[in-house]
Amino acid sequence: MEHRLPPSPIPDVIVCPHCDAAYKLARPAHGQRAVCVRCHTVLIAPRFKAGLQIIAVSIAVVILVIAATVFPFLTIRAAGASNSVSIIDAALAFSDGPLVVLSLSTAALIIFIPLLRVLLALYVLVPVVLDKMPARGSRQAFRLAEALRPWSMAEIFAIGVAVALVKITDLADVAFGAAFWIFALVVLLVVIQDRFMCRWTVWKSLDGLRK
């Protein structure tokens, strides 16, 4: 009868998540980066007080996302008529009939998934920054946040809106609402958060605090 042993991690080796190239682990200094020579993926990028910066950005994103769903996103005027829509209205524009799945998926991709990723980041990072024990299920929460990263498409929505506005400016007067500028800021902050996030450092911190 076979007895299969669980795989044990190799502490002095790091593997590129994109091309699977393996390297001997050498942590760079703050401000420096360890980059895969094969596919140029950033493997380690520690930053001084990056945890506090990510938490501050995450809290700002949560507040701004909530505000963006409340204020008008666009106001369209044509033939003496005017209509204002919010981001939720735009996402759920086809919520009647067979396209309801498409509307709900759009709302999830541009609002709820980015918001969920930010909340998961806060759940994981706050105890780490405070040198407390990791929150219960923090490893699973961070793994879920990383798995949802390709499905967070707020920036894709912003590009799509820009393209659509170019096409309708000849047909109607379009005015940007407060939510438009708030959402543009949200997209920028999400990019900044992902740039500040060093995944290797987070995993290392979770393992160190657990031990």
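Below you will find a few notes about this structure.

What counts, and at which threshold
Residues numbered from 1 in each chain as written. Predicted model: local features only at pLDDT ≥ 70, side-chain atom pairs only at ≥ 80, totals over all residues. Heavy atoms only, no water. Core = buried A, V, L, I, M, F, W, Y, C linked by side-chain atoms within 4.5 Å. Buried < 20%, exposed > 50% of the residue type's maximum accessible area, 1.4 Å probe, protein only. Helix = DSSP H or I, 4+ residues; strand = E, 2+ residues; numbered from the N terminus. Polar contact = N/O pair within 3.5 Å; in protein donor to acceptor, adjacent residues only side chain to side chain. Contact = heavy atoms within 4.5 Å. Expected span 1.5 Å × (residues − 1). Bend = angle between axes of the 7 residues up to and from the residue. Salt bridge = Lys/Arg side-chain N within 4 Å of Asp/Glu carboxyl O.

In a soluble, globular protein the nonpolar side chains are often hidden away together inside. Counting residues in hydrophobic clusters, the biggest one holds 40 residues, and the most contacted among them are V61, F73, I87, F183, V186, M197 and V202. It is helix α3 (residues 100-129) that contributes the most residues to this core, 10 residues altogether. Counting 10 residues, the second largest nonpolar core, distinct from the first, contains I14, A21, L43 and W200.

Attention now moves to the side chain of E146. Summarising the element assignment, E146 is placed in helix α4 (residues 138-147). Among the polar contacts listed, one links the side chain of E146 to the side chain of R199, at a separation of 3.0 Å. With sequence-adjacent residues up to four places away left out, E146 is seen in contact with R117 and R199.

Before going further, it helps to examine α3. Over its 30 residues, α3 extends 41 Å from the first C-alpha to the last, a length consistent with the 44 Å expected when each residue adds 1.5 Å. At A108, α3 shows its largest kink, close to 45°. Where α3 terminates, the next one or two residues include D131, which has phi positive at roughly 60°.

Following the criterion strictly, the structure yields 4 salt bridges and no others. Notably, a salt bridge pairs R117 with D194, separated by 3.4 Å at the nearest N-O pair. You can see R117 sitting in helix α3 and its partner D194 sitting in helix α6 (residues 178-196), a full 77 residues away along the chain. The partly exposed category is assigned to D194, whose relative accessible area is 22%. Its salt-bridge partner being R199, residue E146 comes within 3.0 Å of it at the nearest N-O pair. Taken as a pair, E146 in helix α4 and R199 in helix α7 (residues 199-210) lie far apart in primary sequence, 53 residues in all. A relative accessible area of 18% places E146 in the buried class. Residue R199 is classed as buried on the basis of its relative accessible area, which comes to 17%. Each of R117, E146, R149, D194 and R199 takes part in a single network of salt bridges with overlapping partners.

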